[in-house]
Each structure stands twice: as C-alpha cells, then as structure tokens.
Amino acid sequence: DAKTTQPTSMDCAEGRAANLPCNHSTISGNEYVYWYRQIHSQGPQYIIHGLKNNETNEMASLIITEDRKSSTLILPHATLRDTAVYYCIVNGVRTSGSRLTFGEGTQLTVNP
Amino acid sequence: DVKVTQSSRYLVKRTGEKVFLECVQDMDHENMFWYRQDPGLGLRLIYFSYDVKMKEKGDIPEGYSVSREKKERFSLILESASTNQTSMYLCASSLQGVGKLFFGSGTQLSVL
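Values in this document were obtained by computation on a predicted structure and should not be read as measured data.

*Asks:* I'm lost on the packing of aromatic side chains in this one. Help?
*Replies:* Pairs of aromatic rings are described using the distance from one ring centre to the other and the angle between the two planes. Scanning all chains against the criterion turns up 11 aromatic pairs over all chains. Ring geometry for A:Tyr36 and A:Tyr46: centres 5.8 Å apart, planes at 80°, overall edge-to-face. You can see A:Tyr36 sitting in strand E3 (residues 31-38) and its partner A:Tyr46 sitting in strand E4 (residues 45-50), a full 10 residues away along the chain. Judged by relative accessible area, A:Tyr46 falls into the buried class, the value being 15%. Ring centres of A:Tyr87 and A:Phe102 lie 5.3 Å apart, and the angle between their planes is 85°; this geometry places the pair in the edge-to-face category. Residue A:Tyr87 is located in strand E8 (residues 84-92), and its partner A:Phe102 is located in the loop between E8 and strand E9 (106-111); the two are separated by 15 residues in the primary sequence. Clustering of aromatic rings is evident, with ring pairs tying together A:Tyr36, A:Tyr46, A:Tyr87, A:Phe102, B:Phe33, B:Tyr35, B:Phe48 and B:Phe103. Directly above the aromatic system of B:Tyr10 lies the positively charged group of B:Arg9, at a separation of 5.5 Å from the ring centroid.

*Asks:* I would appreciate a short explanation of the environment of A:Tyr87 in the present structure.
*Replies:* Look at A:Tyr87 and you get buried, because its relative accessible area is 3%. Each C-alpha atom, one on A:Tyr87 and one on A:Tyr34, is 8.0 Å from the other, the two residues being 53 residues apart in sequence.

*Asks:* What is the right way to read the pattern of salt bridges from this model?
*Replies:* Residues and elements named next belong to chain B. Going through the model one piece at a time under the given rule, you end up with six salt bridges over all chains. For Glu-79, the salt bridge goes to Lys-18, with nearest N and O atoms at 3.5 Å. Of the two residues, Glu-79 is situated in the loop between strand E8 (73-78) and strand E9 (87-94) and Lys-18 in the loop between strand E2 (10-13) and strand E3 (19-25); the sequence distance between them amounts to 61 residues. Between Arg-36 and Asp-38 there is a salt bridge; the shortest N-O distance is 2.9 Å. Of the two residues, Arg-36 and Asp-38, neither departs from the other in class, the shared state being buried. Here the residues in one salt-bridge network are Arg-36, Asp-38 and Arg-44, joined through shared partners.

*Asks:* Explain the sheet that holds E8(A) here, please?
*Replies:* Backbone-to-backbone hydrogen bonds pair the strands of a sheet. The strands run either parallel or antiparallel. Residues and elements named next belong to chain A. Strand order in the open sheet formed by five strands is E1-E9-E8-E3-E4, with mixed pairing between adjacent strands. Each end of this open sheet is capped by a strand with a single partner; those strands are strand E1 (9-13) and E4. The sheet shows a mean angle of 25° between the axes of neighbouring strands, taken without regard to direction. Taken together, the five bridges between E1 and E9 define a ladder with parallel strand orientation. Following the sheet pairing, Cys-12 is matched in E9 by Val-110.

*Asks:* Would you explain unusual backbone geometry in this entry?
*Replies:* For A:Ser41, which is not glycine, the phi torsion reads 70° and is therefore positive. The residue A:Ser41 is located in the loop between E3 and E4 in this model. Even without glycine at this site, B:Asp28 takes up a positive phi of about 60°. Considering the arrangement of structural elements, one finds B:Asp28 in the loop between E3 and strand E4 (31-38).

*Asks:* Is there a simple way to explain the sheet that holds strand E1 (residues 4-6) of chain B in this structure?
*Replies:* Residues and elements named next belong to chain B. As summarised here, the arrangement of the four strands in space is E1-E3-E8-E7, forming an open sheet in which the pairing is antiparallel. Either end of the sheet is taken by a strand with one partner, and the two such strands are E1 and strand E7 (64-70). Each strand of the sheet is rotated relative to its neighbour by a mean of 20°, with strand direction disregarded. As defined by bridge partners, E3 adjoins E8 across six bridges and the pair is classed as antiparallel. Residue pairing across strands places Val-19 opposite Leu-78, the latter belonging to E8.

What counts, and where the lines are drawn
Residues numbered from 1 in each chain as written. Chains lettered and ligands numbered in written order. Predicted model: local features only at pLDDT ≥ 70, side-chain atom pairs only at ≥ 80, totals over all residues. Heavy atoms only, no water. Phe/Tyr/Trp six-rings, centres within 6.5 Å; stacked < 30°, edge-to-face > 60°. Helix = DSSP H or I, 4+ residues; strand = E, 2+ residues; numbered from the N terminus. Buried < 20%, exposed > 50% of the residue type's maximum accessible area, 1.4 Å probe, protein only. Lys NZ or Arg CZ within 6 Å of the ring centre and 35° of its normal. Salt bridge = Lys/Arg side-chain N within 4 Å of Asp/Glu carboxyl O. Pairing = 2+ DSSP bridges. Axes fitted to C-alpha atoms, helices over the stretch in contact; angles between N-to-C directions.

Written as structure tokens, this is what we have:
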C-alpha cells in the first residue's frame, strides 16, 4: 500500500472549517484513500473514503486531486469534540482481509 | 450500528501469566483484527483473520497467538505475558475486502 504524509499537528478555531491535508504521491490506480480519527482513549473511528471522486457524508468531505497524489479532509464547522488524531490511509481492495496501516496522523486541536 | 465489544477496559496481569483478550462483533463481518497502540509508535497490526479458523500474521506477531473458532469472536492470547506487552490493545472488524474498519473501545493491559 502507498505511503502517506500528513502534518504532525494543526489548530482550528471552533466553528471554522478544518482542512486536513494528506500526500500520497505513490498511490496506484486501485487504491482507495481512507480517513479515520481517534479521540483520546477511544478506538479509531471511520470517517470517509474515496477512490477518485470527491465524497461527502454527514461527518466530512473528502477532496481528492485529479492526479490522486493528494487529498484533503474537510470538517465544515469544527467543534471542540472534533479534537482528535486524524489518520489518512491508502489501501487497495483485497479478496481477503484489508489490513490498514496507521501512521502517526495529524493531531487536530479545535480551540474555543 | 456495528458493535465491537472488548471484554475488559482495563486489565492488570503478572509477568509470565497467560492472558486472554476477547473481542466480539455483532455484524457478521468476515474480517477481524488485533492492533496494539503505544505512544510514539502508533497502531501496529498483530494478527488478523479473514474467516473462521483462518489467521494471518500482522507486523508484530511475536509473543502473541490468536483463535477464531466462531465468526463473531476473535481472541488474542499472550502465552507468557511480559512487561513489554503493556499496551492498549484494539480489536476491529470489517466486511470482506473492505477497508472500513469498526473498532472496539480498547483494552489497556498492564503487565507488572
């Protein structure tokens, strides 16, 4: 699976949009981009994933560049409860178990 | 919603003890995973299973074994616990071939 690069930490003001970048320049054509987050002392939580089109759900939006070498997770109106570590993971679909490799992620701190 | 339940939130064991960590999921998922999480090292995959009685080693299987006798249950076994196995252990499950994992709340294991 392709490697990803994320900033170590970011800050965001409550109520503003949080834009979390991820680079995955070695991504291959059949690999998806997944985003998870982990709030302190809890297990990671799935947020969203995409292949090449932009995706939106009730939690966030995922913008993938046309060349697929980078993506941005957008939390449109960040709240204090969005403070967490956010992981960007690239993973291909497999017939057997899809094993995800979690890096260090980005610590997002939402400030009042 | 999918529920992944880990049997204990906190566990304290002695060096040399045999330790069982249990995980149960209620959504008929084919895949189940065991990760451990340590400060500065992120989440690391220990073992995973893509079917009953099937298992595959992850990145750090040494000192661990697993058992999957029923589809809904995946057990992690520390044959002889050591202090370097003190960690947060996270169980997860997913559908076949899909990278959307559902995690349990974790078991904080302390080996004294």
